[in-house]
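Listed below are the residues making up each chain.
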Amino acid sequence: MTANGKVKRAKLAVWKFASCDGCQLSVLDCEDELLALADRVEIAKFVEASRREIKGPYDISLVEGSITTAHDAARIRQVRAASQCLITIGACATSGGIQALRNFKDVNQFMAIVYASPEYISALATSTAIADHVRVDFELRGCPINKHQLLEVIAAFLNGRKPHTPAHSVCVECKARATVCVMVARGVPCLGPITHAGCGAICPAYGRGCYGCFGPSESPNTASLSQAWIKVGASRPEVARVLSTFNANAEKFRKTAVEYEDHKG
Ligand code: SF4
Ligand code: SF4
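Residues numbered from 1 in each chain as written. Chains lettered and ligands numbered in written order. Predicted model: local features only at pLDDT ≥ 70, side-chain atom pairs only at ≥ 80, totals over all residues. Heavy atoms only, no water.

Caption draft 1: Highlighting the pattern of salt bridges. Enumeration over the complete set of coordinates arrives at twelve salt bridges. The salt bridge partner of Asp21 is Lys16, with a shortest N-O separation of 2.5 Å. Here Lys16 falls in the partly exposed class, since its relative accessible area comes to 32%. A salt bridge links Arg141 to Glu139; the nearest nitrogen and oxygen atoms lie 3.9 Å apart. Arg141 sits in the buried class, given a relative accessible area of 19%. Bridged by salt links that share partners, the residues Arg9, Glu42 and Arg52 form one connected network. (Salt bridge = Lys/Arg side-chain N within 4 Å of Asp/Glu carboxyl O. Buried < 20%, exposed > 50% of the residue type's maximum accessible area, 1.4 Å probe, protein only.)

Structure representation (structure tokens):
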């Protein structure tokens, strides 16, 4: 409570690490809804939106992106120390992102191909999730995140309650909107049975299979679904490839991807 009897506003900071900025754009897309929360939240630091910055500590920090450099590994510890509550947003922050494909190869080979002068690049051999480096209070999945889920998570932390973000699979959302299953009806390979809910099952609603951008659901049976993919005509390399995208370093996708990559044919 402030001196004039008003509720003290929570200081919210948004931080960027290795990422495409898509999840920060989802935060910007909450403009109207955040205005409605203006008497509860103060945007204290959000470089993508404003140069204005209020010094920490912060009540809530939203962290986008993965750790790919020694500098970022040190910086995330400073962010943690300055934050009462730290929420990671998106596939990069929660599982290392598409840039975690380096974890399966030699990062120096990638740098030699991409950069004209790779000797100026200083990068870690791996891209890892924020939770691999510091304590995280909540992980919000998606590539990018769903803004309604983000608002639910912020509201939950403001009110000291658990966020309501179901951990079931995309299939449940598919059934809830009465979409005909593309895999059962048309033999289209779909990762929905092992993918975390949150998008509202957009892809099957448009007749295509889910490719797992929200990462693994709570208890995915990746081995069984991979066999189902083979039955509808996918090859083992195709299974390995679809599990090796935005959430390639998520353990529940990675293990099966490596197994199918190692046994081509
Ligand atoms: S289309 Fe995909 S997400 Fe929807 S019910 Fe079928 S397998 Fe599940
Ligand atoms: S790929 Fe899957 S999780 Fe991502 S938007 Fe499509 S249906 Fe949703």
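Having seen the model, we can carry on.
Caption draft 2: Just the site of ligand 2, in detail. Every residue lining ligand 2 is accounted for by Thr195, Cys199, Cys203, Pro204, Cys210, Tyr211, Gly212, Cys213 and Phe214. Tallied by class, residues from the shell around ligand 2 come to seven nonpolar, two polar and no charged. (Near = heavy atom within 4 Å. Nonpolar A, V, L, I, M, F, W, Y, C, P; charged D, E, K, R; others polar.)

Caption draft 3: View of empty space enclosed by the protein. All told, the structure shown has one cavity of 30 Å³ or more when counted by the stated rule. Taken as a whole, the largest cavity holds about 40 Å³ of empty space. Forming the walls of the largest cavity are Leu191, Ile194, Thr222, Leu225, Ser226, Trp229, Val239, Val242 and Leu243. If you list the elements that add at least two residues to the lining of the largest cavity, you get helix H10 (222-231) and helix H11 (236-242). Counting residues per element, the lining of the largest cavity draws most heavily on H10, at four residues. (1 Å grid on protein atoms, 1.4 Å probe; cavity = no way out; pocket = protein on both sides within 12 Å on 5 of 7 lines; lining within 4 Å. Points joined across faces, edges and corners; volume = space filled by probe spheres on them. Helix = DSSP H or I, 4+ residues; strand = E, 2+ residues; numbered from the N terminus.)

Caption draft 4: View of the packing of H10 against helix H12 (residues 251-262). With their axes 10 Å apart at the nearest point, H10 and H12 run at an angle of 45° to one another. Classified by the interaxial angle, the pair formed by H10 and H12 is oblique. Read as a crossing pair, H10 and H12 show a hand that is right-handed. Across from Thr222, Ala223, Ser226, Gln227 and Ile230 in H10, the residues of H12 making contact are Lys252, Thr256 and Tyr260. Each residue belonging to the contact of H10 with H12 can be placed in one class, and the counts come to three nonpolar, four polar and one charged. (Axes fitted to C-alpha atoms, helices over the stretch in contact; angles between N-to-C directions. Parallel < 35°, antiparallel > 145°, perpendicular 65-115°, else oblique. Left-handed = near helix turned anticlockwise from the far one by under 90°. Contact = heavy atoms within 4.5 Å.)

Caption draft 5: View of unusual backbone geometry. Along the chain, Gly56 connects to Pro57 via a cis peptide bond; the corresponding omega equals 5°. The phi dihedral of Ala178 falls on the positive side, at around 60°, and the residue is not glycine. Within the element layout of this structure, Ala178 appears in the loop between helix H7 (170-176) and helix H8 (182-186). Even without a glycine there, the phi angle at Ala201 is positive, about 60°.

Caption draft 6: Region of the structure containing the packing of aromatic side chains. One pass over the structure, following the stated rule, counts three aromatic pairs. Considering the side-chain rings of Phe138 and Phe157, the 6.3 Å spacing of their centres and the 70° angle between planes classify their relative orientation as edge-to-face. With Phe138 in strand E5 (residues 138-140) and Phe157 in helix H6 (residues 147-158), this residue pair connects regions lying 19 residues apart in the sequence. Against the face of Tyr260 rests Arg236, its NZ or CZ located 4.0 Å from the ring centre. (Phe/Tyr/Trp six-rings, centres within 6.5 Å; stacked < 30°, edge-to-face > 60°. Lys NZ or Arg CZ within 6 Å of the ring centre and 35° of its normal.)

Caption draft 7: Just the site of ligand 1, in detail. Around ligand 1 lies a shell formed by Val170, Cys171, Cys174, Lys175, Cys181, Val182, Cys190, Gly192, Pro193 and Pro204. Of the residues forming the shell around ligand 1, the biggest block, four residues, is contributed by H7. When grouped by side-chain class, the residues that make up the shell around ligand 1 number eight nonpolar, one polar and one charged.

Caption draft 8: Representation of helix H3 (residues 70-81) within the structure. Here H3 is twelve residues long and its end C-alpha atoms lie 17 Å apart, about the 16 Å a rise of 1.5 Å per residue gives. Taken together, the buried positions of H3 are Asp72, Ala73, Ile76, Val79 and Arg80. With its buried residues spanning 120° around the axis, H3 presents them on a single face. Of the residues in H3, the exposed ones pointing more than 90 degrees away from the buried face are Ala70, His71, Gln78 and Ala81. (Expected span 1.5 Å × (residues − 1). Arc of directions from axis to C-beta.)

Caption draft 9: Spotlight on the layout of surface pockets. Of the pockets and cavities examined, the largest pocket occupies roughly 500 Å³. Contributing to the lining of the largest pocket are 23 residues, with Glu139, Arg141, His196, Pro216 and Ser217 lying nearest its centre. Elements with a contribution of two residues or more to the lining of the largest pocket: helix H4 (90-95), E5 and H12. The residues that make up the lining of the largest pocket include at least three from each of domain 1 (10-158) and domain 2 (170-262). (Domains from an automatic or database assignment.)

Caption draft 10: Focus on the side chain of Thr94. By the element assignment, Thr94 lies in helix H4. For Thr94, the side chain forms a polar contact with the main-chain oxygen of Gly90, separated by 2.8 Å. Discounting residues that sit within four places of it in the chain, Thr94 has contacts with Thr88, Ala129, Glu139, Leu140 and Arg141. (Polar contact = N/O pair within 3.5 Å; in protein donor to acceptor, adjacent residues only side chain to side chain.)

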